[in-house]
Each structure stands twice: as structure tokens, then as C-alpha cells.
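The lines below spell out each chain.
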Amino acid sequence: MLDILLHLFRQKPGFLDLGHEMNNRETGWVNGYLFRLKHDGPEAFVVETVGSSVDKMAALRQQQQQQ
């Protein structure tokens, strides 16, 4: 699931992957936001934002500043 999400996000102009991790089979964290793919018909999906984590975003910012 995370591979599909990342593939979709990488198609968007200006997307910068600051960090990602798998949460479970249905959701994945990308840049501190938790996303889910939902079925929208037989061959269609919708990307749903489930929530966000201030802690994950702060850790990504700190990691980026150290580089």
C-alpha cells in the first residue's frame, strides 16, 4: 500500500519525500501524515488523509536541519 501511495505522490509536481513508513496493510505515513487508499469502484482508489502527527513532522524537520 505504501508503495502505491508513494508512486501516486511522486506524480504530483513539487512533491518532496521527506520520510515515510508503513503503519499497517491499509495505511502509511508520508511526511508526517497518515494516508489510506479507499476503493472507489472496481479499478479506482481515493487517497484519504486519516490524520497527522506533530511528533513525526518535528522529527522530519529536525532531521532535515541536521543535513
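Residues numbered from 1 in each chain as written. Predicted model: local features only at pLDDT ≥ 70, side-chain atom pairs only at ≥ 80, totals over all residues. Heavy atoms only, no water.

Trainee: Can you tell me about the nonpolar core, naming the residues and giving the values?
Mentor: The nonpolar side chains of soluble globular proteins are, as a tendency, buried together. Within the largest apolar cluster, seven residues are counted, these being Leu2, Leu5, Leu6, Phe9, Val30, Phe35 and Leu37. Of all the secondary structure elements, the ones that give two or more residues to this core are α1 (2-10) and β3 (33-39). When residues of this core are assigned to their parent elements, the largest contribution, four residues, is made by α1. The contacts of Val30, once residues within four sequence positions are left out, are Leu2, Leu6, Phe9, Phe15, Gly19, His20 and Phe35. (Core = buried A, V, L, I, M, F, W, Y, C linked by side-chain atoms within 4.5 Å. Buried < 20%, exposed > 50% of the residue type's maximum accessible area, 1.4 Å probe, protein only. Helix = DSSP H or I, 4+ residues; strand = E, 2+ residues; numbered from the N terminus. Contact = heavy atoms within 4.5 Å.)

Trainee: Any chance you could break down the pairing of strand β4 (residues 45-52) for me, citing the residues and the numbers?
Mentor: Pairing between β3 and β4: seven bridges, direction antiparallel. Across the sheet, residue Leu34 finds its bridge partner in β4, namely Gly51. Remark: five residues form the turn of the hairpin made by β3 and β4, two consecutive strands paired antiparallel; Gly41 in that turn has positive phi of roughly 115 degrees. (Pairing = 2+ DSSP bridges.)

Trainee: Account for the confidence of the model for the protein, with residues named and values stated.
Mentor: Confidence in the prediction for the protein averages 93 pLDDT; 100% of positions are at 70 or higher. Mean pLDDT values for the elements of the protein range from 92 in helix α2 (residues 54-66) up to 96 in strand β2 (residues 27-30). (pLDDT = per-residue confidence, 0-100.)

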